[in-house]
Amino acid sequence: MNQAAILKSAGGGYGKPAADNTLERRYAAISVALWLFMAVASALFLLFIAAYIMRMDGADWSPLAMPWQLWLSSAILVFASVLLQFAVAAAGSHQMERARSLLLLAGTGSIAFLGAQLWGWQALQAIHVTASGNPAGSFFYLLTAMHALHVAGGLVGWGMAAAGPWRREPRRLAWRIRLCARYWHFLLAVWLLLFAALGWLTPDFVRMVCGTR
């Protein structure tokens with residue numbers, strides 16, 4: 001009997017533990033906790049974006065031109081998110097070696113994302129855009145740093161999935177890959193929202209939308 005058949009009969013499929021009720025409850029609790037964390041983090045980012053929009057009306061506001069490195073980092077994060085979705089599909093079809101490889105590539109890409117973000121910071125600092133002075137610069141560093149911290153936190157979970165003792169246990173690894181993919185899709189959505197707000201929202205546009213011009 002091959003490995004896939006053994007795993008399928010034991011747990012009802014990868015990532016769907018049914019035989020071990022304790023483990024199943026633990027999986028469900030962690031999954032709900034992740035949804036809750038993402039909801040809280042979303043609310044936090046939305047509040048900061050609201051503050052960003054309100055602050056734009058100040059006389060000392062000067063819009064920033066986004067450094068080209070942010071386009072690179074955005075492409076890298078999209079790539080990492082897609083790779084994790086492919087890893088989920090590979091784990092679901094019992095191709096665990098492929099799933100592990102895709103998981104490793106996605107994590108490596110996410111580290112590269114942080115490097116590209118840091119490069120963008122350096123590009124702005126080279127033209128004297130700092131966290132003090134122009135409030136647009138302060139919000140840029142604050143929001144991108146907050147997002148980078150969430151990515152770094154995700155990389156801790158990714159490292160546990162990629163290097164933990166369960167990496168040789170297909171069912172547990174598949175479950176962790178699904179959690180990583182869900183979180184990375186969240187990180188991508190937040191980043192695209194932040195990038196759009198930082199790069200394209202202007203005081204005139206906000207006044208037009210709010211009907212105050």
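First, a word on what this report is: a plain description of the structure on this page. (Residues numbered from 1 in each chain as written. Predicted model: local features only at pLDDT ≥ 70, side-chain atom pairs only at ≥ 80, totals over all residues. Heavy atoms only, no water.)

A separate point is the nonpolar core. By size, the foremost hydrophobic cluster in this structure holds 62 residues, and its most contacted members are Y52, L103, F140 and W184. When residues of this core are traced back to their parent elements, those giving at least two are α2 (21-55), α3 (69-92), α4 (96-126), α5 (135-163) and α6 (170-200). No other element matches α6, which puts 18 residues into this core. In this view, Y52 contacts W61, F139, A197, L198 and L201; residues no more than four positions away in its chain are not counted. (Core = buried A, V, L, I, M, F, W, Y, C linked by side-chain atoms within 4.5 Å. Buried < 20%, exposed > 50% of the residue type's maximum accessible area, 1.4 Å probe, protein only. Helix = DSSP H or I, 4+ residues; strand = E, 2+ residues; numbered from the N terminus. Contact = heavy atoms within 4.5 Å.)

Here the focus is the environment of G107. The residue G107 is located in helix α4 in this model. In this structure, the C-alpha to C-alpha distance between G107 and W158, residues 51 residues apart in sequence, is 6.6 Å. Ignoring sequence-local partners within four residues, the contact set of G107 consists of L155 and W158.

The end-to-end C-alpha distance of α3 is 35 Å, a good match for the 34 Å that 24 residues give at a rise of 1.5 Å each. Of the residues trailing α3, H94 is marked for its positive phi of about 65°. (Expected span 1.5 Å × (residues − 1).)

Residue H94 is not a glycine yet carries a positive backbone phi of 65°. Within the secondary structure, H94 sits in the loop between α3 and α4. Owing to a relative accessible area of 28%, H94 belongs among the partly exposed residues under this scheme. The backbone of H128 sits at a positive phi, close to 70°, despite the residue not being glycine. Examined against the element boundaries, H128 turns out to sit in the loop between α4 and α5. On the basis of relative accessibility, which here comes to 70%, the residue H128 falls in the exposed class.

Remember that the coordinates give geometry; whether it matters functionally is a separate question.
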